[in-house]
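As a plain string of letters, each chain reads:
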Amino acid sequence: QAKDAESSAAARIKEVEEDLATKCKDAEDVLAEKEAAARDAETSAAARIKSLEEEVVAATRAASEELAQAKAEAQERKRAKDLANEVEKLGTKLEALQASLDAELQRASDAE
């Protein structure tokens, strides 16, 4: 009877060990799957971050180019305004010179 109990206990221990080994293997498999999923998520996140960084660089470059173009256009408008003012001043001087010349011609004509 003791041998039967011992044999039964040994069989039960073996069953428990096998069950435990199966559960450990299952847990290792689940862990491996979760680690793989985490690596995939990390790789995907890194790729998305890189893509966003590239978008930021491109947007910054475009904004910088637009700003430079706007500054250049503002300088051109200022130059055009300055030239228009200069032309107006020269026109005024020309009119004064023309009036002076006309007056001189009139005096010369009157003197004859």
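This one's a predicted model, so the numbers in the text were calculated from it and none came from an experiment.

Some details on the overall build of the chain
Logical step 1: Across its full length, the chain holds one helix and zero strands.
Logical step 2: By the compact-globule yardstick of 13 Å for 112 residues, the chain is too spread out, its C-alpha radius of gyration being 48 Å.
Logical step 3: Seen through its principal axes, the chain has C-alpha atoms that stretch 165 × 10 × 5 Å.
Logical step 4: For the chain, the exposed surface amounts to about 10,100 Å²; the carbon and sulfur share of it is 58%.

Section: the pattern of salt bridges
When their charged atoms lie close together, side chains carrying opposite charge are able to pair.
Logical step 1: Overall, the coordinates contain eight salt bridges when judged by the stated rule.
Logical step 2: The salt bridge involving Lys 78 is made with Asp 82; its shortest N-O contact spans 3.1 Å. With Lys 78 and Asp 82 both in helix α1 (residues 2-111), this residue pair falls four residues apart, about one helical turn.
Logical step 3: Given a relative accessible area of 52%, Lys 78 falls into the exposed group.
Logical step 4: In this structure Asp 82 comes out as partly exposed when scored by relative accessible area, which is 38%.

Conventions we followed
Residues numbered from 1 in each chain as written. Predicted model: local features only at pLDDT ≥ 70, side-chain atom pairs only at ≥ 80, totals over all residues. Heavy atoms only, no water. Helix = DSSP H or I, 4+ residues; strand = E, 2+ residues; numbered from the N terminus. Rg over C-alpha atoms; globule rule 2.2 N^0.38 Å. Areas by Shrake-Rupley, 256 points an atom, 1.4 Å probe, with all protein chains shown as cover. Salt bridge = Lys/Arg side-chain N within 4 Å of Asp/Glu carboxyl O. Buried < 20%, exposed > 50% of the residue type's maximum accessible area, 1.4 Å probe, protein only.

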